[in-house]
Amino acid sequence: MSAPSADPARVDLRPWLGQMRPFAWLMALGILLNLIALASSVGLIALSGWFLSAAAVAGTSAATAATFNFLLPSAGVRGFAITRTAGRYGERVASHEGTLKLLSRLRWHLYRAIEPLSPTALQHYGSSDLMARLTADVDALDNLYLRVVTPSIVALGIIVLCGVIIGVFAPPIGLFAAVALAISGTLGPWLAWRRGHHLSHRWQVLNTHLRARLLERLPALSELLLYERWQPETESLLKDQQERDAHELALAGVWGRSQLLSQILLGITITVVLAMAAWWSLHRNLSPTLIALMGLSIMGAFEAVAMLPQAWQNLGRIQRAAGRLEELTTRVPSICFPAESLDKPNDNGLDIRELEVRFDDGTTALSNFSLTLAPGEHFALLGPSGGGKTTLLNTLVRFLSPTHGRILLGGVSIDALDEPTLRASMGIAPQDTHLFVASYRDNLKLGNPEAGDDELHQLLQALDLSDWLSDQPEGLDSYPDEGGSSLSGGQLKRFGIARALLTHAPILLLDEPTEGLDEQTARRVLSTIRTHAKGRTLLMITHHVSGLDQLDRIGIMDEGHLLEIGPPQQLLEDIDSRFSALQQQIVL
Ligand SMILES: Nc1ncnc2c1ncn2[C@@H]1O[C@H](COP(=O)(O)OP(=O)(O)OP(=O)(O)O)[C@@H](O)[C@H]1O
């Protein structure tokens, strides 16, 4: 479920602007070059206007035509054309370089903030919501420089420049032109912002919701088809899409009207400036050839001013994205690791003392759970579904924090170990094995990059995976389908076990390693695990009873408690034990 997002009106964009600091020079260069390109544009159109008018006036008599200097203005026109093209090119290079650098910094900042949040804390968001934040929201923020900061500064610069160009010849007209341009560029967007920012906020909520729903449903396509739910789901998604599109249409209307208002104001500004210039030319000593220069300067400047509505429109989206990202980056990790281990474990024994784990919704998954595993002991934990076994593994690896009790590894509390030490201490095969988009070799070597091909082949053979491997077109260099969908459940499980066994971790935690395997394969896999776990402490969660007589001890848990513990033979000899009852059920 997605977390509530901050009100966009109250989002402080300054910290995000601060992310641009390392590339401030590049961004300033981009703005400067953009300013040069647009100033050249204004210069080009103004000078051309003046040149044509002046040439026409000069052509009215032979004397003026002979003395008129054609060369200097035409060189100026050519010069502006060159600086405009070069400025535009340089601006694109600098601003894109700056934008890409900013994008990578934003991603780095975000990953750094979410990395300490354990997978259980991130579950709160849901994968599709998290994906939307990491992609669409970061992209939106990335626009802050390119689509908001740059156009705003450049428009301001061009308005001032236009005022100065006109003001040099007639100061009051220059002042009027600058003020009128500023109003033309900002009044419409401001009104649209006031009317449209709630609409824009709602659009973003609907868009995110739609994306999340779509991303959630696509992987479940086969289930939806099999249960004939695809049609109703499609209709419901289409309804959501129509609602979002209706908001988009309304928004487009608001911004369209804002642009129309800006265009009308520009038309009025040009008309008034031309009228003022004509009056100035009649009553003061302003050359009539400058009238066209003034009108055309404003038209040239409007190229920059016309970017403002878009910039304001983007600002709303950016603020909302910033709010959603801020909510993620300011989340305090519930589990913190010390920068350095405060002590070193003496051995690979585990001592779990009076552990209690309670979830936010009040479910108590573990209660007063104590278990001591001697160094090198091989232990299996059995119990009905929902008994708390996986919660125990998640607490051991510190994905969850206990509400009470402690866990000692080799006599040292796991809270006192830094993250690399804790991770290197435990090799884990979780309930679901994830395969990355990488070769099978790289997937296997995740926990031990030093492992050689011979070792991989031997282990895969011992886990009954050599036939499967020989079917792969490029052996270990082959790539799995996304998430490992080209492997059967049992193959995927054994792949996860191989990955854990390849590590040199002194403790192995395996969650249901024989699930989905036939009796014979399960026994073989268990024997391989035992061989590779020699000297290591093994804690294995299982629902399979067969083969457990090879282990040192077993425990049975339910409702968060350890109900029974002992060596398998001893428990089997006790006909009243739960383990004997489980074994009986299998035999019968
Ligand atoms: N994130 C969570 N929020 C709330 N309750 C949870 C959460 N995860 C697990 N639980 C609850 O905690 C209890 C123990 O769950 P856990 O997954 O540890 O059981 P399990 O013994 O591993 O089950 P299984 O054998 O089916 O995997 C269950 O009642 C479960 O519903």
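Residues numbered from 1 in each chain as written. Predicted model: local features only at pLDDT ≥ 70, side-chain atom pairs only at ≥ 80, totals over all residues. Heavy atoms only, no water.

This brings us to the overall build of the protein. Looking only at helices and strands, the protein features 20 helices and 10 strands. Taken over C-alpha atoms, the radius of gyration comes to 35 Å for the protein, far larger than the 25 Å a tight globule of 588 residues would show. Dimensions along the principal axes, computed over C-alpha positions, put the protein at roughly 125 × 50 × 45 Å. Looking at the protein residue by residue over its 588 residues, the buried ones come to 47%. Intrachain contacts of the protein at a sequence separation of at least 6 include 77% that bridge at least 24 residues. Taking the 47 positively charged and 59 negatively charged side chains of the protein as two groups, their mean positions are separated by 13 Å. (Helix = DSSP H or I, 4+ residues; strand = E, 2+ residues; numbered from the N terminus. Rg over C-alpha atoms; globule rule 2.2 N^0.38 Å. Buried < 20%, exposed > 50% of the residue type's maximum accessible area, 1.4 Å probe, protein only. Contact = heavy atoms within 4.5 Å. Lys, Arg positive; Asp, Glu negative; His and termini not counted. Charge placed at Lys NZ, Arg CZ, Asp CG, Glu CD.)

Grouped burial of nonpolar side chains is what soluble globular proteins tend to show. Grouped together as the largest cluster of nonpolar side chains are 59 residues, with contacts concentrated most on Trp16, Leu141, Leu144, Ile173, Leu181, Met294 and Ile298. Going through the elements one at a time, helix H2 (24-58), helix H4 (71-114), helix H5 (119-122), helix H6 (127-169), helix H7 (171-217), helix H9 (230-283), helix H10 (289-305) and helix H11 (307-329) are the ones with two or more residues in this core. A total of 14 residues in this core trace back to one element, the largest contributor, which is H6. Residues Ala429, Tyr440, Ala451 and Met540 belong to the second largest nonpolar core, which totals 40 residues. (Core = buried A, V, L, I, M, F, W, Y, C linked by side-chain atoms within 4.5 Å.)

Inspection of the region around the ligand gives 15 residues, with Ser385, Gly386, Lys389, Thr390 and Thr391 positioned closest. Take Thr390: an N or O atom from its side chain is 2.7 Å from an oxygen atom of the ligand. About the coverage of the ligand: the protein hides 66% of its 630 Å² of free accessible area. Looking at which element gives the most residues to the shell around the ligand, the answer is helix H12 (residues 389-396), with three residues. When grouped by side-chain class, the residues that make up the shell around the ligand number three nonpolar, nine polar and three charged. (Near = heavy atom within 4 Å. Polar contact = N/O pair within 3.5 Å; in protein donor to acceptor, adjacent residues only side chain to side chain. Areas by Shrake-Rupley, 256 points an atom, 1.4 Å probe, with all protein chains shown as cover. Nonpolar A, V, L, I, M, F, W, Y, C, P; charged D, E, K, R; others polar.)

Our focus in this paragraph is the sheet that holds strand E6 (residues 426-429). Strand order in the open sheet made by the six strands is E6-E7-E8-E3-E9-E10, with mixed pairing throughout. This sheet does not close on itself; its edge strands, each paired only once, are E6 and strand E10 (561-566). Within the sheet, the average angular offset between the axes of one strand and its neighbour, ignoring direction, is 15°. The pairing of strand E3 (residues 378-382) with strand E9 (residues 553-558) spans four bridges and is classified as parallel. Looking at E9, one finds that Leu382 is bridged to Ile556. (Pairing = 2+ DSSP bridges. Axes fitted to C-alpha atoms, helices over the stretch in contact; angles between N-to-C directions.)

Another point: unusual backbone geometry. For Arg398, which is not glycine, the phi torsion reads 65° and is therefore positive. Mapped onto the fold, Arg398 is located in the loop between H12 and strand E4 (404-409). Residue classification places Arg398 among the buried residues on the basis of a relative accessible area of 8%. The phi dihedral of Glu559 is positive, around 50°, even though this residue is not glycine. Mapped onto the elements, Glu559 comes out in the loop between E9 and E10. Using a relative accessible area of 62% as the deciding quantity, one classes Glu559 as exposed.

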